[in-house]
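Geometric and topological summary
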Amino acid sequence: MKLDSAPLEISGIAQTDIELELKDSNDFSLTPAIAQPVQPVVADSRQKQESVLVVFGTTFVTIFLAEIGDKTQLSTMLMSAQSHSPWVVFIGSAAALITTSLLGVLLGSWMASRLSPKTIEKSSGVMLLVISLMLFWDIFNSH
């Protein structure tokens, strides 16, 4: 005897229940309160694609603007000028930026699985404030 061909008494379903389900499945009179329009799958994928593009664009612009003129870019320019191997410096600096970005994404996803977005937002604000205060403290103490 195959496992999927158990008698109806053993499986817990009575023959009358199956007949009732068959009769109900042939009844096609739906009331307007029950019938709901079906959303096309294409619209959902378009929204996902737009949200992916928005996240990508926002991330690119934010990181691009944050990196212009910072120590990493200045160091890369100096190393490229000194080594006379701009493509090697480009590959090395790109690999380093990709690695640090990967670490940031992994740490961020780990934090998001354990902390609420509000907690992460407040902690990052406090950390940036502390770093800013430390930088101002160094400026005032250096003169």
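Residues numbered from 1 in each chain as written. Predicted model: local features only at pLDDT ≥ 70, side-chain atom pairs only at ≥ 80, totals over all residues. Heavy atoms only, no water.

Let's shift gears to the overall build of the chain. Along the backbone of the chain there are six helices and zero strands. By the burial criterion, 2% of the 143 residues in the chain qualify as buried. Surface exposure of the chain reaches about 13,100 Å², of which carbon and sulfur atoms provide 71%. (Helix = DSSP H or I, 4+ residues; strand = E, 2+ residues; numbered from the N terminus. Buried < 20%, exposed > 50% of the residue type's maximum accessible area, 1.4 Å probe, protein only. Areas by Shrake-Rupley, 256 points an atom, 1.4 Å probe, with all protein chains shown as cover.)

Before going further, it helps to spend a moment on the confidence of the model for the chain. In low-pLDDT segments, the atomic positions of the prediction should not be examined closely. Chain-level statistics for the chain give a pLDDT mean of 78 and a share of 69% at 70 or above. Taking the mean pLDDT of every element in the chain, the minimum, 48, falls on helix α1 (residues 8–11) and the maximum, 94, on helix α5 (residues 86–114). Confidence drops under pLDDT 50 across residues 1–6; counting only partners more than four residues distant or on other chains, this segment forms two contacts. (pLDDT = per-residue confidence, 0-100. Contact = heavy atoms within 4.5 Å.)

Okay, the packing of helix α4 (residues 71–83) against α5 next. Two quantities define a packed helix pair, namely the angle between the axes and the distance from one axis to the other. Here α4 crosses α5 at 155°, and the two axes come no closer than 8 Å. Relative to α5, α4 is oriented roughly antiparallel. Where α4 crosses over α5, the two elements pack in a sense that is right-handed. Listed contacts from α5 to Thr-72, Thr-76, Met-79, Ser-80 and Ser-83 of α4 are Pro-86, Val-89, Ser-93 and Leu-97. (Axes fitted to C-alpha atoms, helices over the stretch in contact; angles between N-to-C directions. Parallel < 35°, antiparallel > 145°, perpendicular 65-115°, else oblique. Left-handed = near helix turned anticlockwise from the far one by under 90°.)

The next point concerns the environment of Leu-78. Tracing the backbone shows Leu-78 in helix α4. Of the residues examined, Leu-78 reaches a relative accessible area of 61% and is grouped as exposed. Separated by 11 residues in sequence, Leu-78 and Val-89 have C-alpha atoms that sit 9.8 Å apart.

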